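One-letter residues, chain by chain:
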Amino acid sequence: MATDFPLIFEHSKEGRIAHSLPDLDVPEVDLDEVLGGTFVRTEAPGLPEVSELDLIRHYTALSKRNHGVDSGFYPLGSCTMKYNPKVNEQVARLDGLAHIHPLQNPKTVQGALQLMYELQEELRIITGMDEITLQPAAGAHGEWTGLMMIRAYHEKNGDTKRTKVIVPDSAHGTNPASATVAGFETITVKSDENGLVDLEDLRRVVNEETAALMLTNPNTLGLFEKHIVEMAEIVHGAGGKLYYDGANLNAIMSKARPGDMGFDVVHLNLHKTFTGPHGGGGPGSGPVGVKEDLIPFLPKPIVTKRENEYIIDEDRPQSIGRVKPFWGNFGINVRAYAYIRTMGEAGLRAVSEGAVLNANYMMRRLQPYFDLPYDTHCKHEFVISGKRQKKLGVRTLDIAKRLLDFGYHPPTIYFPLNVEECMMIEPTETESKETLDAFCDTLIHIAKEVEENPEIVQEAPHTTVISRLDETQAARKPVLRYQKA
Ligand SMILES: *Cc1c(COP(=O)(O)O)cnc(C)c1O
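About the criteria used
- Residues numbered from 1 in each chain as written.
- Predicted model: local features only at pLDDT ≥ 70, side-chain atom pairs only at ≥ 80, totals over all residues.
- Heavy atoms only, no water.
- Domains from an automatic or database assignment.
- Contact = heavy atoms within 4.5 Å.
- Buried area = accessible area lost by both parts, 1.4 Å probe.
- Salt bridge = Lys/Arg side-chain N within 4 Å of Asp/Glu carboxyl O.
- Polar contact = N/O pair within 3.5 Å; in protein donor to acceptor, adjacent residues only side chain to side chain.
- Nonpolar A, V, L, I, M, F, W, Y, C, P; charged D, E, K, R; others polar.
- Disulfide = S-S within 2.5 Å.
- Buried < 20%, exposed > 50% of the residue type's maximum accessible area, 1.4 Å probe, protein only.
- Pairing = 2+ DSSP bridges.
- Helix = DSSP H or I, 4+ residues; strand = E, 2+ residues; numbered from the N terminus.
- Axes fitted to C-alpha atoms, helices over the stretch in contact; angles between N-to-C directions.
- Near = heavy atom within 4 Å.
- Areas by Shrake-Rupley, 256 points an atom, 1.4 Å probe, with all protein chains shown as cover.
- Core = buried A, V, L, I, M, F, W, Y, C linked by side-chain atoms within 4.5 Å.
- Phe/Tyr/Trp six-rings, centres within 6.5 Å; stacked < 30°, edge-to-face > 60°.
- Parallel < 35°, antiparallel > 145°, perpendicular 65-115°, else oblique.
- Left-handed = near helix turned anticlockwise from the far one by under 90°.

1. Observations concerning the domain arrangement of the protein
Thinking step 1. Each domain of the protein was delimited in the assignment, giving domain 1 (1-65) and domain 2 (78-485).
Thinking step 2. Between the C-alpha centres of domain 1 and domain 2 there is a distance of 39 Å.
Thinking step 3. Across the contact, 10 residues belong to domain 1 and 6 residues belong to domain 2.
Thinking step 4. Contact between domain 1 and domain 2 buries roughly 790 Å² in total, counting both sides, with carbon and sulfur atoms accounting for 63%.
Thinking step 5. Where domain 1 meets domain 2, there are 0 salt bridges.
Thinking step 6. Linking domain 1 to domain 2 there are 1 residue pair in polar contact (both at pLDDT 80 or more).
Thinking step 7. Of the residues in the side of domain 1 that touches domain 2, the class split is 5 nonpolar, 2 polar and 3 charged.

So this is what it looks like as structure tokens:
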């Protein structure tokens, strides 16, 4: 990758412009008059002045530095960076889906409403829940939406002392964050020596103040919580609700359903499991499914079907209200719908089987070279530890940086928090055995470098445009805007 263009950062030259516009052929307006003076700039904004060619080269160069699923292997644990089928993009760009307006009369957009209704139905069946909302914009937003419904449910029952949400120590950071934003206090439950929720500790922390337990299954270590039925009994027995973080659904589709495991609320990450492109901060979609007794609290409106017409149902008096403008991130929902309809039930089952097989294959190949904290079959992802390498003076961060030299996006590192020096690897089902082998060979090669030539790892990356960043400076004093010289 290195530098295939000269590293001139500043291209600006006074007076250079990238556009040529026709002469104004409408009357000029006085901006002060139109905007009442308040919003009119008094100084030019200090933008770079560049030619059209400079502009194109700048963005083309940036795009070439970008790493994405379309350019290379991206085993970022917990993120399900699978291939985004291009047919989904074509479907999302169909005129009748891309060029409609959310405020159009529902009678004129029956096809779009049908798609939303059918997606709700598909997700209802996939999760084993009773009703779905497509509104939340991402996983964390779905978590918050689900918890607000649980809150409304307890309040409706006059159960106002339920102020605590229990989360495992391996939980994704968004879980405690969403619980806090939804007005709950979070209580941590420990993992046992097998990496699963410690049932004794769960019994200890559950009581009449428990609003809910938030859990992802398989959990963040990639392990299936075998005692989920007992856990559901403990929490339900004390009057609490069970929240399922569905970001790991890729491991269990058409195999096991959160609804059947006893969960009351689940969110899905359509931008992970269901192939919505993600990773650049682009739009996500985090639909939430609920069981019967929580249906009244779902965000409104919901798309429903009356006789032969799809309608937008606003008449939901107990709803927690709207959580997103318009109808959610419709374009991502279209892609997920196209994916589900392409795959079918058997296809989704094959996805999960492939994802689990790939993860177990890599885990066993890497096991001799790295520490494996939980030596048991994993689901769609697994966690290895660089403890052995740390004893030789090389941190997991160094190993991740070294992977960049070989053109890989590193796995997630230092998460989950309960495993020292960890790397969390999620290959997904869309990668070939050759790709998995090449990545394993590279990690094994780096493990040997750590023993023979640790400096090369400690000082990596060597081949990228920018080498080691000063991470403290980058976090404390980020320069995020162009500043004219
Ligand atoms: C990605 C993820 C989330 C958050 O989802 P976003 O769409 O990024 O908000 C929550 N929990 C788990 C386990 C995840 O992997």
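2. As for the state of the cysteines
Thinking step 1. This structure, assessed with the given rule, holds 0 disulfides.
Thinking step 2. Of the cysteine sulfurs around Cys 422, a residue in no disulfide, the closest is that of Cys 79, at 13 Å.
Thinking step 3. By relative accessible area, which is 0% here, Cys 422 ends up buried.

3. Quick notes on the sheet that holds strand β6 (residues 265-268)
Thinking step 1. Strand order in this open sheet of 7 strands is β1-β7-β6-β5-β4-β2-β3, and the pairing throughout is mixed. Where the open sheet ends on each side, the last strands, each with one partner, are β1 (131-133) and β3 (185-189). For this sheet, the mean angle separating the axes of adjacent strands, direction not counted, is 25°.
Thinking step 2. As judged from the 3 bridges shared by β6 and strand β7 (residues 288-290), these two strands associate in the antiparallel manner. Looking at β7, one finds that Val 265 is bridged to Val 290.

4. Here we look at the site of the ligand
Thinking step 1. Taken together, Ser 78, Ala 138, Gly 139, Ala 140, Glu 143, His 172, Thr 174, Asp 245, Ala 247, Asn 269, His 271 and Lys 272 are the residues near the ligand.
Thinking step 2. A distance of 2.8 Å separates an oxygen atom of the ligand from a polar atom in the backbone of Ala 140.
Thinking step 3. Asn 269 places a side-chain nitrogen or oxygen 2.9 Å from an oxygen atom of the ligand.
Thinking step 4. When the free accessible area of the ligand is taken as 380 Å², the share hidden by the protein chains comes to 87%.
Thinking step 5. With 3 residues, the top contributor of residues to the shell around the ligand is helix α6 (residues 139-156).
Thinking step 6. Grouping the constituent residues of the shell around the ligand by class yields 3 nonpolar, 6 polar and 3 charged.

5. What to know about the nonpolar core
Thinking step 1. If you look at the biggest cluster of nonpolar residues, it comprises 52 residues, and the most contacted ones within it are Leu 123, Leu 202, Met 231, Leu 249, Leu 270 and Phe 274.
Thinking step 2. Ignoring any residue separated from it by four or fewer positions in sequence, one finds Leu 202 in contact with Ile 166, Val 189, Val 197, Leu 213, Met 231 and Ile 234.

6. Overview of the packing of aromatic side chains
Thinking step 1. Overall, the coordinates contain 7 aromatic pairs when judged by the stated rule.
Thinking step 2. Each ring, one from Tyr 117 and one from Tyr 310, has its centre 5.5 Å from the other, and the planes form 55°; the classification is tilted. Of this pair, Tyr 117 sits in helix α5 (residues 110-127) while Tyr 310 sits in strand β9 (residues 309-313), placing them 193 residues apart in sequence.
Thinking step 3. A relative accessible area of 22% means that Tyr 117 is categorised as partly exposed.
Thinking step 4. Relative accessible area serves as the criterion here: at 8%, Tyr 310 is assigned to the buried category.
Thinking step 5. Each ring, one from Tyr 153 and one from Phe 297, has its centre 6.4 Å from the other, and the planes form 90°; the classification is edge-to-face. Of this pair, Tyr 153 sits in helix α6 while Phe 297 sits in the loop between β7 and β8 (302-306); the two residues are 144 residues apart in sequence, bridging distant segments of the chain. Phe 297 shares its class with Tyr 153; the two are buried.

7. Some remarks on the packing of helix α11 (residues 330-366) against helix α14 (residues 433-452)
A pair of packed helices is captured by two measures, namely the crossing angle of their axes and the spacing between those axes.
Thinking step 1. Relative to each other, α11 and α14 sit at 30°, their axes nearing to 10 Å. Put simply, α11 runs roughly parallel to α14. The interaxial crossing formed by α11 with α14 has right-handed handedness. In this structure, α11 contributes Asn 358, Tyr 361, Met 362, Arg 365 and Leu 366 to the contact, and α14 contributes Lys 433, Leu 436, Asp 437, Phe 439, Cys 440, Asp 441, Leu 443 and Ile 444.

8. Focus on the sheet that holds strand β12 (residues 422-425)
Thinking step 1. Strand order in this open sheet of 3 strands is β10-β12-β11, and the pairing throughout is antiparallel. In the strand order of this sheet, the two ends are held by β10 (382-385) and β11 (412-413), each with one partner.
Thinking step 2. Of the pairings in the sheet, the one linking β10 to β12 comprises 4 bridges and is antiparallel in character. Counterpart to Ile 384 in the pairing with β12 is Met 423.
Thinking step 3. Against the sheet, α11 contacts β10 and β12, and its axis sits at roughly 15° relative to β10.

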